[in-house]
Amino acid sequence: TSWGSMYFHNICRAALEENGFDPDLVQLCTGMAETGKALVECPHIDKIFFTGSPNVGRHVMKGAAPFLKPVVLELGGKDAMVFCDDVKLNEVIPWAMRGCFQNCGQNCCGVERLFVYESIAKDFINGIKDKVASMRQGCPLGDDVDCGAMVMDQQCDLIQALVDDALAKGAIVHCGGKRNTTT
């Protein structure tokens, strides 16, 4: 998110300055499609690092190609977390929670799928569903919040469509399942 990027950008600037370097060596620019296009086409930028969706990554690569500008792409994956039947559930459930909900799941290494051995699935679900159901959503700058909001409406719509599709195919919702409109 833009706020998180600014936080880490300030850390980088402080580290550069502390070590005798110009803090302006690292620049941060946030924005939407026109901002990205301007950066990719800018003759003063020698290399592009992009983290985001495969679709936008294709646009970045296509835009950089005429300039032979190097591009590093970190694109969305289907990161899985696997729980074998010998796992200590009370020790791994907090990691599953963090992997799924840190930054509302909007990070490049966030867990998108949980694979749980059938022999422990019931215990896993019972161990995690109350924790998920009790999460408090709201402005992430507050002290009484566990999870902030999704960044873009279209992403919320996509996730709702995925949940609805899974339900139509026989999935069971143990808590939630609908967009939170109260915050």
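Residues numbered from 1 in each chain as written. Predicted model: local features only at pLDDT ≥ 70, side-chain atom pairs only at ≥ 80, totals over all residues. Heavy atoms only, no water.

Draft legend 1. Geometry of the overall build of the protein chain. Along the backbone of the protein chain there are 6 helices and 4 strands. Its helices and strands in sequence order give the protein chain the pattern α-α-β-α-β-β-α-β-α-α, from N to C terminus. Relative to the compact-globule value of 16 Å for 183 residues, the protein chain shows a C-alpha radius of gyration of 20 Å, a clear excess of over 25%. Taking the principal axes of its C-alpha atoms as reference, the protein chain extends roughly 55 × 40 × 40 Å. When burial is assessed residue by residue, the protein chain has 17% of its 183 residues classed as buried. At a minimum sequence separation of 6, the contacts of the protein chain that also span at least 24 residues come to 48%. Surface accessibility of the protein chain: about 13,500 Å² in total, with carbon and sulfur atoms responsible for 58%. Averaging the positions of the 17 positive and the 23 negative side-chain charges in the protein chain gives two centres separated by 6 Å. (Helix = DSSP H or I, 4+ residues; strand = E, 2+ residues; numbered from the N terminus. Rg over C-alpha atoms; globule rule 2.2 N^0.38 Å. Buried < 20%, exposed > 50% of the residue type's maximum accessible area, 1.4 Å probe, protein only. Contact = heavy atoms within 4.5 Å. Areas by Shrake-Rupley, 256 points an atom, 1.4 Å probe, with all protein chains shown as cover. Lys, Arg positive; Asp, Glu negative; His and termini not counted. Charge placed at Lys NZ, Arg CZ, Asp CG, Glu CD.)

Draft legend 2. Geometry of the pairing of strand β2 (residues 71–75). Bridge count for strand β1 (residues 48–52) against β2 is 5 bridges, and the pairing is parallel. Paired with Gly-52 across the bridge in β2 is Leu-75. At this point the chain moves from β1, through helix α3 (residues 54–64), to the parallel β2, and the crossover so formed is right-handed. (Pairing = 2+ DSSP bridges. Right-handed = clockwise from strand over helix to strand, strands pointing away.)

Draft legend 3. Structural context of the packing of helix α4 (residues 89–101) against helix α5 (residues 118–133). With their axes 10 Å apart at the nearest point, α4 and α5 run at an angle of 55° to one another. If you check the angle between α4 and α5, you find them oblique. Along this stretch, α4 crosses α5, giving a crossing that reads as right-handed. Residues Leu-89, Ile-93, Ala-96, Met-97 and Phe-101 of α4 lie in contact with α5, whose contacting residues are Ile-120, Asp-123, Phe-124, Gly-127, Ile-128, Lys-131 and Val-132. Taken together, the residues that form the contact of α4 with α5 break down as 9 nonpolar, 1 polar and 2 charged. (Axes fitted to C-alpha atoms, helices over the stretch in contact; angles between N-to-C directions. Parallel < 35°, antiparallel > 145°, perpendicular 65-115°, else oblique. Left-handed = near helix turned anticlockwise from the far one by under 90°. Nonpolar A, V, L, I, M, F, W, Y, C, P; charged D, E, K, R; others polar.)

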